[in-house]
Every structure is written in structure tokens, then in C-alpha cells.
Amino acid sequence: MKARHLLITGRVQGVGYRDWMQREAGRLGLSGWVRNCPDGRVEAVIGGPEPAVEALLTLLRRGPRLARVDAVEETFWEEEVEPGFRRR
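Because the structure is a prediction, the values reported are computed rather than measured.

About the thresholds
Residues numbered from 1 in each chain as written. Predicted model: local features only at pLDDT ≥ 70, side-chain atom pairs only at ≥ 80, totals over all residues. Heavy atoms only, no water. Helix = DSSP H or I, 4+ residues; strand = E, 2+ residues; numbered from the N terminus. Rg over C-alpha atoms; globule rule 2.2 N^0.38 Å. Buried < 20%, exposed > 50% of the residue type's maximum accessible area, 1.4 Å probe, protein only. Contact = heavy atoms within 4.5 Å. UniProt positions renumbered as here; feature names shortened; annotations may be inferred. Salt bridge = Lys/Arg side-chain N within 4 Å of Asp/Glu carboxyl O.

Some words on the overall build of the protein chain
Here's step 1: In terms of helices and strands, the protein chain carries 2 helices and 5 strands.
Here's step 2: Ordered by position in the sequence, the α and β elements of the protein chain form the string β-α-β-β-α-β-β.
Here's step 3: Its C-alpha atoms give the protein chain a radius of gyration of 12 Å, within 12% of the compact-globule value 12 Å for 88 residues.
Here's step 4: Taken along the three principal axes of its C-alpha coordinates, the protein chain extends 30 × 25 × 20 Å.
Here's step 5: Across the 88 residues that make up the protein chain, the buried fraction comes to 45%.
Here's step 6: Put simply, of all contacts in the protein chain between residues at least 6 apart along the chain, 77% involve residues at least 24 apart.

Here's what the structure looks like:
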């Protein structure tokens, strides 16, 4: 299972980004978590089959209707990712 650590920058807090991401990750069968950062970014870890991870990354760069995504920083995540996807 491939896992990624993400930092999403833009208007991504207060616009339903985390709820939307949780729904999309669940729909794709991915595991991980998402949370708001104090600096206004959203942080997430996503893990699962590579095609599903890539599909979510494509969606994350666009975001939900009210969001504006300026950048998605992506690095590989070496730690275990628990099953399921949750908000922190």
C-alpha cells in the first residue's frame, strides 16, 4: 500500500474541504486522516492502491466548490496507515 503525506494550501479551511475529502477518500476505499493546521493549511495522510491514491490527488487539486487550492505538497509516508479514513 502506497501512502502519501499532503499539505494543501489555499482557501481550504471553513469551506467543507475536510468533510468533502473524507467522503471522496471513503468512496475510493482509501485509508488515512485529514486535519486543519494552525497556519490555514490542511494536512492529510492517504494510503491505498496507487490508482485510488492518484485519483484522490487529482480531486484534491480541485477541491470542493467553495475551496480554492493553490498548492498540494506531497511526500511519501513511511508509517503504518490504519484502515478507514477519519478527520482529526
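Looking at the UniProt feature "active site" (unreviewed entry) in the protein chain
Here's step 1: Mapped onto the present numbering, the UniProt feature "active site" (unreviewed entry) falls at Arg18 and Asn36. In three dimensions, the annotated residues from a span of 19 residues occupy one location, with a maximal C-alpha spread of 8.0 Å.
Here's step 2: When you line up the elements, Arg18 lands in helix 1 (residues 17–27).
Here's step 3: Of note, Asn36 is situated in strand 2 (residues 31–36).
Here's step 4: Each residue touching Asn36, except ones within four places of it in the same chain, is listed here: Gln13, Arg18, Arg41 and Val42.

Digging into the pattern of salt bridges
Here's step 1: In this structure the tally under the stated criterion is 11 salt bridges.
Here's step 2: Of the charged contacts in the structure, one is a salt bridge between Glu50 and Arg4, with a shortest N-O distance of 2.6 Å. Placement of the pair is Glu50 in helix 2 (residues 50–60) and Arg4 in strand 1 (residues 2–11), with a sequence separation of 46 residues.
Here's step 3: In this structure Glu50 comes out as partly exposed when scored by relative accessible area, which is 26%.
Here's step 4: Residues Arg68 and Asp70 are paired through a salt bridge, measuring 2.9 Å at the closest nitrogen-oxygen approach.
Here's step 5: Classification of Asp70 by relative accessible area gives partly exposed; the value is 49%.
Here's step 6: Three or more residues joined by partner-sharing salt bridges are found here, namely Arg4, Glu50, Glu54, Arg61 and Glu74.

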